[in-house]
Amino acid sequence: MANSIAGPSLPVAPAYSLSNVTALNFPVLVSVPHCGRDYPPELLANLNVSPSHLLRLEDRYADRLAASAIASGFPAIIARKPRAWIDLNRSQTEIDPDMVAGMDATQTPHISKKVRGGLGLVPRRLHGAGNLWREKWQHQHIIDRIDKDHEPYHLMVAHLLEQIRSAHGSALLLDLHSMPPVQDENRRQIGFVIGDRFGRSCESRYAELAGIHFRLQGYHVQTNHPYSGGYILERHGEPARNIHAFQLEVDRALYLDEKLCEPVAAAQSIADMIRNCCLMLAEQLTGRDQLEAAE
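Rules used in this analysis
Residues numbered from 1 in each chain as written. Predicted model: local features only at pLDDT ≥ 70, side-chain atom pairs only at ≥ 80, totals over all residues. Heavy atoms only, no water. Helix = DSSP H or I, 4+ residues; strand = E, 2+ residues; numbered from the N terminus. Buried < 20%, exposed > 50% of the residue type's maximum accessible area, 1.4 Å probe, protein only. Lys, Arg positive; Asp, Glu negative; His and termini not counted. Charge placed at Lys NZ, Arg CZ, Asp CG, Glu CD. Pairing = 2+ DSSP bridges. Axes fitted to C-alpha atoms, helices over the stretch in contact; angles between N-to-C directions. Phe/Tyr/Trp six-rings, centres within 6.5 Å; stacked < 30°, edge-to-face > 60°. Lys NZ or Arg CZ within 6 Å of the ring centre and 35° of its normal. Expected span 1.5 Å × (residues − 1). Salt bridge = Lys/Arg side-chain N within 4 Å of Asp/Glu carboxyl O. Left-handed = near helix turned anticlockwise from the far one by under 90°. Contact = heavy atoms within 4.5 Å. Nonpolar A, V, L, I, M, F, W, Y, C, P; charged D, E, K, R; others polar. 1 Å grid on protein atoms, 1.4 Å probe; cavity = no way out; pocket = protein on both sides within 12 Å on 5 of 7 lines; lining within 4 Å. Points joined across faces, edges and corners; volume = space filled by probe spheres on them.

With respect to the overall build of the chain
Along the chain, the regular secondary structure elements total 9 helices and 11 strands. Viewed in the frame of its principal axes, the chain has a C-alpha envelope of about 55 × 50 × 35 Å. Among the 295 residues that make up the chain, the fraction classed as buried is 53%. Of the charged side chains in the chain, 30 are positive and 34 negative, and the gap between their average positions amounts to 4 Å.

If you want it as structure tokens, here you go:
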């Protein structure tokens, strides 16, 4: 059951749910920012495409992959609102002016590659589907999403990491995502990608140990390619302060059906593997055996 906690002058918002944040028995915080499935009616009313296209934006059921870690007592924050509503892994400035009424390009002079590709703070279009929205969103509407959904999530992540660091001397954010099936240059299927912004968001040994963990289970693992991590790692990873953060991408084919839509039985074993990775990292961070705490 999720616990309630007040962050710095913020109540728990409907944008996320929390688990195991009262005792903070472990130095690893699990974040799942792209799994939200609570689609606001106003979003669905403005759709220019079939709602099924929005599933491509989801890290479909990635919250299920955090279930074993949560059951073992690891603190977690899980998004409820979908990525189509607001992307928690984008900066507040990554707004596409072409999809916002009352906004022009002079207000966003440095448009990122992701925004140009249609995947900014609020996604604008998808390859093969075209523009997602019938009408432009009002600028104030986007500001409200930032204030009510985006910033509360990040303030809570920062608050929890500070609390964990205070309790344990160090903290690690495991930012959990899923990816479409992808192969490397040798056409090997990639099971997991670990991103640490090329060492900027996490002390290298933690990312390396996580890679070894999944390789020992027989999976092909890559680091920082094709995903090196985004805004969440940039904002929250502070290795110099002993607050580390890395992104874990999981191949959706490992835990979803052939249509990459619904979980299959293998999802449990992947979740257990992620839980065991969290236990290993917690032991490395504290120098203590974490198995007893998890039982």
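Some words on the sheet that holds strand S2 (residues 28-32)
Here 7 strands make up an open sheet; going across it, the order is S1-S3-S2-S8-S11-S9-S10 and the pairing mixed. Single-partner strands in this sheet number two, and they are strand S1 (16-19) and strand S10 (221-223). On average, adjacent strands in this sheet sit at an angle of 20 degrees to one another, irrespective of strand direction. Two strands pair when backbone bridges link them, and S1 and strand S3 (residues 76-79) are joined in this way by 4 bridges, in the antiparallel orientation. Its bridge partner lying in S3, Ser 19 is registered against Ala 76.

With respect to the packing of aromatic side chains
Scanning all chains against the criterion turns up 5 aromatic pairs. Centre to centre, the rings of Phe 192 and Tyr 219 are 5.3 Å apart; their planes meet at 90 degrees, and the pair counts as edge-to-face. Taken as a pair, Phe 192 in strand S9 (residues 192-195) and Tyr 219 in the loop between helix H6 (204-216) and S10 lie far apart in primary sequence, 27 residues in all. Put simply, the rings of Phe 192, Phe 214 and Tyr 219 pair up and form one aromatic cluster. In this arrangement the basic side chain of Arg 145 is found over the ring face of Trp 85, its NZ or CZ atom lying 3.8 Å from the centre. For the cation-ring pair, Arg 145 lies above Trp 137, with the distance from its terminal atom to the ring centre recorded as 4.2 Å.

Thoughts on helix H8 (residues 266-286)
Taking 1.5 Å as the rise per residue, H8 with 21 residues should run 30 Å; its terminal C-alpha atoms sit 31 Å apart, in good agreement. Looking at the residues trailing H8, positive phi occurs at Gly 287, about 75 degrees.

Remarks on the pattern of salt bridges
For the structure shown, the criterion picks out 15 salt bridges. Here Asp 87 makes a salt bridge to Arg 83, at a shortest N to O gap of 2.9 Å. The pair Asp 87 / Arg 83 is uniform in exposure class, with both members buried. Among the ionic pairs, Glu 238 bridges to Arg 241, the shortest N-O distance being 3.0 Å. Looking at Glu 238, the relative accessible area reads 33%, which means it is partly exposed. A relative accessible area of 29% means that Arg 241 is categorised as partly exposed.

Some remarks on the packing of H6 against H8
One way to put it is that H6 packs onto H8 with a least axis distance of 10 Å and a crossing angle of 145 degrees. Like other packed secondary-structure pairs, H6 and H8 cross with a definite hand, here right-handed. On the side of H6, the interface is formed by Arg 205, Tyr 206, Leu 209, Ala 210, His 213 and Phe 214, while H8 contributes Met 273, Ile 274, Asn 276, Cys 277, Met 280, Leu 281, Gln 284 and Leu 285. Tallied by class, residues from the contact of H6 with H8 come to 10 nonpolar, 3 polar and 1 charged.

Thoughts on the layout of surface pockets
Taken as a whole, the largest pocket holds about 590 Å³ of empty space. Taken together, 25 residues form the lining of the largest pocket, with Arg 83, Arg 90, Leu 119, Tyr 227 and Glu 249 sitting closest to its centre. Elements represented by at least two residues in the lining of the largest pocket include exactly strand S5 (125-126), strand S8 (171-179) and strand S11 (243-251). Here the element with the most residues in the lining of the largest pocket is S8; it accounts for 3 residues. Here the residues of the lining of the largest pocket are counted per class, giving 7 nonpolar, 10 polar and 8 charged.

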